[in-house]
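So you can see what is in the structure, the chains are spelled out below.
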Amino acid sequence: MDEHESPELTEDEKRLFADLMPEDLNEILDSGVNRRHFLKLMTLAGGGILAAQSAVAEQLMTRPMSEPSATEFVPASIENGVNVTVKVNGTARKLTVDSRMTLLDTLRERLDLTGSKKGCDHGQCGACTVLVNGHRVLSCLTLAASCEGKTVQTIEGLAQGAQLHPVQEAFLKHDGFQCGFCTPGQICSAVAMLDEARKGQVSYVTENVRQPSGPVKLSNEEIKERMSGNICRCGAYPNIVAAIQEVHSGKPVEQVFRSV
């Protein structure tokens with residue numbers, strides 16, 4: 001049996017689906033019970049329809065669901081399909097995607113990398129920030145097809161096994177998040193921004209843009225300017241700046257919430 005194949009249904013379970021979800025029966029018999037079927041079953045249970053068959057339904061709900069089949073996204077079902085080969089978090093992935101599909105939707109819907117968040121979906125909040133070839137990009141405005149042959153790193157790929165990235169550790173230490181929705185984008189943006197500073201890239205608030213290129217010593221003002229594309233609706237900005245400053249300077253920074 002394939003590792004993603006669901007256990008065969010009993011005769012009672014087949015009768016249950018034949019009675020309640022006849023339109024899905026053939027699909028269930030071919031590929032097993034998936035998330036959509038499970039949710040339908042839960043809806044029926046909530047409406048009390050399964051009362052007479054509660055024992056069979058309970059047995060079904062404890063079964064593992066089948067994984068989406070590899071043919072779920074066959075090229076024939078995708079309009080304007082293009083083949084894309086991209087290295088995501090160190091693993092080469094080959095996909096057929098709609099030429100209009102964004103990198104964000106590809107990561108979340110096709111690769112199950114849901115750390116990158118869809119906030120505004122207009123490139124204004126930064127919650128979807130990922131690294132492409134080491135540079136920070138807004139994945140909601142980046143076409144997946146444009147990433148052919150490139151390297152993509154998401155929040156899931158920053159840690160080395162159980163060892164967190166220094167920026168992740170600093171965010172935890174300084175409580176650089178509240179609800180956590182923007183945090184993946186904040187951290188990815190901070191990682192790339194620190195690399196930009198090491199390479200001597202200037203910003204709007206750099207005092208002397210004519211000075212010889214070299215690592216930029218980031219002031220808090222510089223960090224705020226360079227991170228201004230990442231919005232935190234909870235207002236954890238002082239903690240975020242402190243976390244980034246500690247990683248940048250290599251020196252302990254007083255934790256803001258303890259100094260007030």
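Note that the structure is a prediction, hence the values are computed from the model and not measured.

Enquirer: Describe in detail unusual backbone geometry, supporting the description with residues and values.
Expert: Phi angles above zero are rare outside glycine, and Asn 133 is one such case at about 55°. Locating Asn 133 in the fold gives a position in the loop between β3 (129-132) and β4 (135-138). Residue classification places Asn 133 among the partly exposed positions, given a relative accessible area of 44%.

Enquirer: Outline the nonpolar core, supporting the account with residue identities and numerical values.
Expert: Ranked by size, the top nonpolar core spans 25 residues in total, and within it Val 167, Phe 171, Ile 187, Leu 218, Ile 223 and Ile 244 carry the most contacts. Among the elements of the structure, α6 (166-173), α7 (183-198) and α9 (237-249) are those that each provide at least two residues to this core. Here the element with the most residues in this core is α7; it accounts for eight residues. With residues near it in sequence (within four places) discarded, Phe 171 still touches Gly 176, Phe 177, Thr 183, Gln 186, Ile 187, Ile 240, Ala 243 and Ile 244.

Enquirer: Quick rundown of the packing of α6 against α7? Include the residues and the values.
Expert: Between α6 and α7, whose axes approach to 10 Å, the crossing angle comes to 125°. In terms of axis orientation, α6 runs oblique to α7. For the pair α6 and α7, the sense of crossing is right-handed. Where α6 approaches α7, its residues Val 167, Gln 168 and Phe 171 are matched on the opposing element by Thr 183, Gln 186, Ile 187, Ala 190, Val 191 and Leu 194. Each residue belonging to the contact of α6 with α7 can be placed in one class, and the counts come to six nonpolar, three polar and no charged.

Enquirer: Talk me through the state of the cysteines; I want residue IDs and the actual numbers.
Expert: Using the criterion set out here, one finds zero disulfides in the structure. Of all cysteine sulfurs, the one in Cys 232 lies closest to Cys 182, which takes part in no disulfide; the gap is 4.0 Å. Taking relative accessible area as the criterion, Cys 182 reaches 11% and is therefore assigned buried. The buried category is assigned to Cys 232, whose relative accessible area is 5%.

Enquirer: Please set out the sheet that holds β4 residue by residue, giving values where relevant.
Expert: What the five strands build is an open sheet, ordered β2-β1-β5-β3-β4; its pairing is mixed. Sheet topology places β2 (91-98) and β4 at the edges, where each strand pairs with a single neighbour. The mean inter-strand angle of the sheet, taken between neighbouring strand axes irrespective of direction, is 40°. Together, β1 (81-88), β2, β3 and β5 (151-153) form the strand contacts of helix α5 (residues 103-110), whose direction differs from that of β2 by roughly 110°. Sheet strands in contact with α7 are β3 and β4, and its direction is about 40° off that of β3.

Enquirer: Tell me about the side chain of Gln 245, and name the residues and values.
Expert: Mapping Gln 245 onto the fold places it in helix α9. Gln 245 sits in the buried class, given a relative accessible area of 13%.

Enquirer: How would you sum up the pairing of β1? Please name residues and give values.
Expert: Alignment of β1 against β2, held across eight bridges, turns out to be antiparallel. In the sheet register, Val 82 faces β2, and the bridge partner there is Val 97. Connecting β1 to the antiparallel partner β2 that follows it, the hairpin turn spans two residues, and Asn 89 within it adopts a positive phi of roughly 50°. Where β1 and β5 come together, two bridges link them in parallel fashion. For Val 88, the partnering residue across the bridge sits in β5 and is Val 152.

Enquirer: Provide a residue-level description of α7, including the pertinent values.
Expert: A rise of 1.5 Å per residue sets the reference length of α7, with its 16 residues, at 22 Å; its end C-alpha atoms lie 22 Å apart and thus fit the reference within 8%. Counting buried positions over the 16 residues of α7 gives 14, a clear majority of the element. Gly 200 lies just past α7 and shows a positive phi near 85°.

Enquirer: Got a sec to walk through the confidence of the model for the chain? Specific residues and values, please.
Expert: A residue-level look at the chain finds 81% of positions with pLDDT of 70 or above and a mean pLDDT of 84. Predicted confidence is poor over residues 67-72, with pLDDT under 50, and the contacts of this stretch with residues over four places away or in other chains come to two contacts.

Enquirer: Hey, could you go over the pairing of β3 for me, with residue numbers and the actual values?
Expert: Both faces of the sheet carry side chains from a regular strand, because those side chains alternate between them. In β3, alternate side chains face the same way, and those of Thr 129 and Leu 131 on one face and Val 130 and Val 132 on the other are all buried. In the sheet, β3 pairs with β4 via four bridges, with the strands oriented antiparallel. Within the sheet, the bridge partner assigned to Thr 129 lies in β4 and is Leu 138. Taken together, the two bridges between β3 and β5 define a ladder with antiparallel strand orientation. Paired with Leu 131 across the bridge in β5 is Gln 153.

What counts, and where the lines are drawn
Residues numbered from 1 in each chain as written. Predicted model: local features only at pLDDT ≥ 70, side-chain atom pairs only at ≥ 80, totals over all residues. Heavy atoms only, no water. Helix = DSSP H or I, 4+ residues; strand = E, 2+ residues; numbered from the N terminus. Buried < 20%, exposed > 50% of the residue type's maximum accessible area, 1.4 Å probe, protein only. Core = buried A, V, L, I, M, F, W, Y, C linked by side-chain atoms within 4.5 Å. Contact = heavy atoms within 4.5 Å. Axes fitted to C-alpha atoms, helices over the stretch in contact; angles between N-to-C directions. Parallel < 35°, antiparallel > 145°, perpendicular 65-115°, else oblique. Left-handed = near helix turned anticlockwise from the far one by under 90°. Nonpolar A, V, L, I, M, F, W, Y, C, P; charged D, E, K, R; others polar. Disulfide = S-S within 2.5 Å. Pairing = 2+ DSSP bridges. Expected span 1.5 Å × (residues − 1). pLDDT = per-residue confidence, 0-100.

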